[in-house]
Amino acid sequence: VISAVLLFRTMCVALLCLCDGVKFGQLCAGNSNNRRRISDRWGQGHYGASRGGRTHKGLDIMCKDGSAVYAPFDVTLNGRLTVYTDPTKKAINEGINLSGENLCFKLFYVRPDKVSGKVRKGERIGIMLPMQTVYPGITSHVHVQMCDKSDPTQYF
């Protein structure tokens, strides 16, 4: 039993260390420091912000409508995603599933150039969709959401 406990602890420590020190590289053209959306008339962009009865499960990184979106590190493209079921948000209803650096994450409001394969850090993966058409006056942004919906802030 003691050996099994030690092995389990070793495995857990190893798992916790897999992502230590991982930082996202530049996500969006014109925002080399991954500046975050702070607050605007539509709300705040930090993880855990209130969203009218629900909680924001991502982190918003500023990105101008129509800007190129880049791979933050070497990634595997794991398919397209649909952000909303609400047809009034059709203009910004795309995103992509990605993995890399032992992380699984999603980028919302991005029209991907392709949805499978591998992309190197800094290569274009898509284009920022026209957020202003759905939310006039919002700080346009890419929403970064971990697959397990944990807080991505530590990676920025």
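Residues numbered from 1 in each chain as written. Predicted model: local features only at pLDDT ≥ 70, side-chain atom pairs only at ≥ 80, totals over all residues. Heavy atoms only, no water.

Draft legend 1. Here's a closer look at the UniProt feature "binding site: Zn(2+)" (unreviewed entry) in the chain. In the numbering used here, UniProt assigns the "binding site: Zn(2+)" (unreviewed entry) feature to His56, Asp60 and His143. Spanning 88 residues, the named residues nonetheless gather at one spot, since no C-alpha pair among them exceeds 9.9 Å. Considered against the largest pocket, the annotated residues that line it turn out to be His56, Asp60 and His143. For histidine 56, the residues in contact, after removing those within four places along its chain, are Gln44, Gly45, His46, Tyr47, Gly48, Ala49, Arg51 and His143. A distance of 2.9 Å separates a polar atom in the side chain of histidine 56 from the backbone oxygen of histidine 46. What makes aspartate 60 buried here is its relative accessible area of 0%. Apart from the residues lying within four places of it in its own chain, the contact partners of aspartate 60 are Arg36, Arg37, Gln44, Gly45, Arg51, His141, Val142 and His143. (UniProt positions renumbered as here; feature names shortened; annotations may be inferred. 1 Å grid on protein atoms, 1.4 Å probe; cavity = no way out; pocket = protein on both sides within 12 Å on 5 of 7 lines; lining within 4 Å. Contact = heavy atoms within 4.5 Å. Polar contact = N/O pair within 3.5 Å; in protein donor to acceptor, adjacent residues only side chain to side chain. Buried < 20%, exposed > 50% of the residue type's maximum accessible area, 1.4 Å probe, protein only.)

Draft legend 2. Main features of the nonpolar core. Counting residues in hydrophobic clusters, the biggest one holds 37 residues, and the most contacted among them are Phe24, Phe105 and Leu107. Elements with a contribution of two residues or more to this core: strand S3 (59-62), strand S5 (75-82), strand S6 (94-100), strand S7 (103-108), strand S10 (124-128) and strand S11 (141-146). (Core = buried A, V, L, I, M, F, W, Y, C linked by side-chain atoms within 4.5 Å. Helix = DSSP H or I, 4+ residues; strand = E, 2+ residues; numbered from the N terminus.)

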